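A look at the structure
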Amino acid sequence: MSILFALAGNQNCGKTTLFNRLTGSNQHVGNFPGVTVEKKEGVIKNHKDCVIVDLPGIYSLSPYTAEEVVTRDFILQNHPQAIINIVDATNIERNLYLSLQLMELGLPMVIALNMMDEVRASGNTIHVRQLSNQLGVPIIPISASKNQGIDDLVAAALQVAKGAYPVAKMDFCSGEVHRAIHAIGHIVEDHAQAAGYPTRFAATKLVEGDEAITQALKLTADELHIIDHIVADMEKEIGMDREAALADMRYAFIEKICRGTVMKKQETHEQIRSEKIDRWLTHKYLGIPIFLGIMLFIFWITFSVLGARLQDLLDQLITLGTDSLAAFMANAGVSQWLQSLVIDGIAAGIGSVLSFLPVIVLLFFFLSLLEDSGYMARVAFVMDKLLRKIGLSGRSFVPMLIGFGCSVPAIMATRTLSSERDRKMTIVLTPFMSCSAKLPIYGMITMAFFPHSTALVMVSIYVIGILVAIASGLLLKSTVFQGNPVPFVMELPAYRVPAAKSVLLHMWEKAKDFIKKAFTIIFLASMAIWFLQSFDWTFNQVADSSNSILASIGSAVAPVFGPVGFSDWRASTALITGVTAKESVVSTLSILTGAGTDAQLAAALSTVFTPLSAYAFLVFTVLYMPCVAAFAASKRELGSWRDAVLTACYQTAAAYLAAFVIFQVGSLFI
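Residues numbered from 1 in each chain as written. Predicted model: local features only at pLDDT ≥ 70, side-chain atom pairs only at ≥ 80, totals over all residues. Heavy atoms only, no water.

With that settled, consider the packing of aromatic side chains. The tally for this structure, following the rule as stated, stands at 21 aromatic pairs. Through a chain of ring-to-ring contacts, three or more aromatic side chains come together here, namely Phe449, Phe450, Phe561, Phe566, Phe609, Tyr615, Phe617, Phe620 and Tyr624. For arginine 378, the ring lying beneath its charged end belongs to tyrosine 495, and the centroid distance is 4.0 Å. The ring of tyrosine 624 has lysine 582 sitting right over it, with the charged end atom 3.6 Å from the ring centre. (Phe/Tyr/Trp six-rings, centres within 6.5 Å; stacked < 30°, edge-to-face > 60°. Lys NZ or Arg CZ within 6 Å of the ring centre and 35° of its normal.)

What follows is the structure, encoded as structure tokens:
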């Protein structure tokens, strides 16, 4: 049988880097059963029988967020053979707070003391063996980013899982809290065993007031009454509430053991450096302009310098492959309709989207650098003040930030928000953040109409999405979602050089998802579009696509888009197919215009748009309802079809209004 490990730790402690070191490419991503919190699972390298699950980053086992509940439930219900608890050695006191709670679960555990290279470089010292003896668990010093100590960690984890070390049973409570925990432990011992919980863990959670654990223990009314009296006496005796009492007890113990094992002469070089950098990047007035400047630079490199050249090269290779396939089919005597389907439909649709792969990969390379360096946490901090003005907290920026990659996981990520109001409001606003699926549309339009100001146009599109989200927030907080946002507290990790392997894995995941979509959704959509634009309602093949089924459908819808500048039936048709997947907008226009290459597509688009209407088209695509997958995610999170449909209608109405204003006002000057 395989050995199951749970990887647990605080956010920003190097957990993802360690997971990548342990598993390499032997991993897959999914969701925990019943919830939409992401789960990473992998096989440890050179140990095919060892499976490790990367649990969400948390600070405690209290049920305040979905991540905390998921982590706790996974450990209690799946019973891993051992827990690998990763601890940031540069901030060991705070990290050990979670370690103590994990020890209460009564499972074998090994602590991976990460970033020890930074501790040593700063002249600080941690007496690892002494600390291990005091905690009663093996502690292995590592540096995940530099691949140091990983083999030792794996060896220790295997020994722990196989029972080489006895499970630590420390009693680190004291005073009135000690008496309360042990008194409650005697009362609930039978209930805890029946529920499959360690007695110490169950008693601590009852002192804390954990409702989920209280219900699971199925206590009698008399037992609950006695427990309430014990907790009330404890609070009265020590003069603080139950949660504060537990936190104070744990930190007092941590301070005691660190006093003789952790010798700090100064902050680490990384922390000192981070404080200096943050004077500028988190500046009250300069923080947001600096962020916009960084994004402008990234777009310039991605779309005007490296990305454009790589895209041209890939487009030439795709064109060469398509021409070779067309010649082969012609020489083989393949029927004309099948040649048209393969070349004018499938190849044109997939090729037009696939040519943007270098742009996608390059953009996510830069975004990975920003995220892994610790800068994105600063952006959330800087945005908190702005988001509060529209009725949200800085925590909502995290799903919105994910939305720049894909709306589906972004909408799922709203489950981490503790406030129902904040969660629903964030779901409505997140799709206004431009997802990566829309990048091919931007690339297509900017290449055709704005080749000399690509980066500026790109930034303006992203800014318009953000501005519409702000305006929508102001409207919604005074109408549908009245109330105040929850407080926002987050840790700012030290700036660090991103691990090359982590960045490359992130790029590979995005490239793989993009290619998978191209050869599944776009493949099927291209076939459907080819059929609809090649046949009329009597299913006779047409010589002119303007007489096709698709043209009649598009022409019926086209007048609606007349006031916003793109009344051509091909544009309205592309928007309709874009609901399946935003990349379909590009493949649809490529098929309908008969363009085989990016250069041909750029020329053909001049028959569909003017520069002004093309820009209005961009604005509409960034704002109108997201793809079917994102719509389904909204339905799951909002809980009803009605709310999901109303959200999609609102987003599309906002898109229409924004495009209308831009086109009509622009027409006065152009």
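Right, let's talk about the environment of methionine 115 for a bit. Along the chain, methionine 115 turns up in the loop between strand 6 (109-114) and helix 4 (116-121). The exposure class assigned to methionine 115 is buried, which follows from its relative accessible area of 6%. For the pair methionine 115 and serine 145, spaced 30 residues apart in sequence, the C-alpha separation works out to 8.0 Å. Residue contacts for methionine 115: discarding those within four places in its chain leaves Asn12, Cys13, Gly14, Asp88, Ala89, Thr90, Ile142, Ser143 and Arg496. (Helix = DSSP H or I, 4+ residues; strand = E, 2+ residues; numbered from the N terminus. Buried < 20%, exposed > 50% of the residue type's maximum accessible area, 1.4 Å probe, protein only. Contact = heavy atoms within 4.5 Å.)

A separate point is the environment of isoleucine 86. In this structure, isoleucine 86 sits in strand 5 (residues 82-88). Looking at isoleucine 86, the relative accessible area reads 1%, which means it is buried. Separated by 19 residues in the primary sequence, isoleucine 86 and leucine 105 place their C-alpha atoms 16 Å from one another. The residues touching isoleucine 86, leaving out its near neighbours within four places in the chain, are Leu7, Ala8, Gly9, Asn10, Cys13, Gly14, Lys15, Leu18, Asn95, Ala112 and Asn114.

Let's shift gears to unusual backbone geometry. In this structure, asparagine 147 takes a positive phi of about 60° despite not being glycine. Judged by relative accessible area, which is 43%, asparagine 147 ranks as partly exposed. Positioned with a positive phi, lysine 218 is a non-glycine residue whose angle comes to about 55°. Note that lysine 218 resides in the loop between helix 9 (211-217) and helix 10 (221-238).

It is worth spelling out the environment of threonine 90 at this point. Here threonine 90 is to be found in the loop between strand 5 and helix 3 (92-103). Between the alpha carbons of threonine 90 and isoleucine 126 there is a distance of 9.9 Å; along the sequence they are 36 residues apart. Setting aside residues no more than four positions away along its own chain, threonine 90 makes contact with Met115, Glu118, Val119, Lys264, Thr268, Gln271 and Arg496. One polar contact links threonine 90 to aspartate 88, side chain to side chain, over a distance of 2.6 Å. (Polar contact = N/O pair within 3.5 Å; in protein donor to acceptor, adjacent residues only side chain to side chain.)

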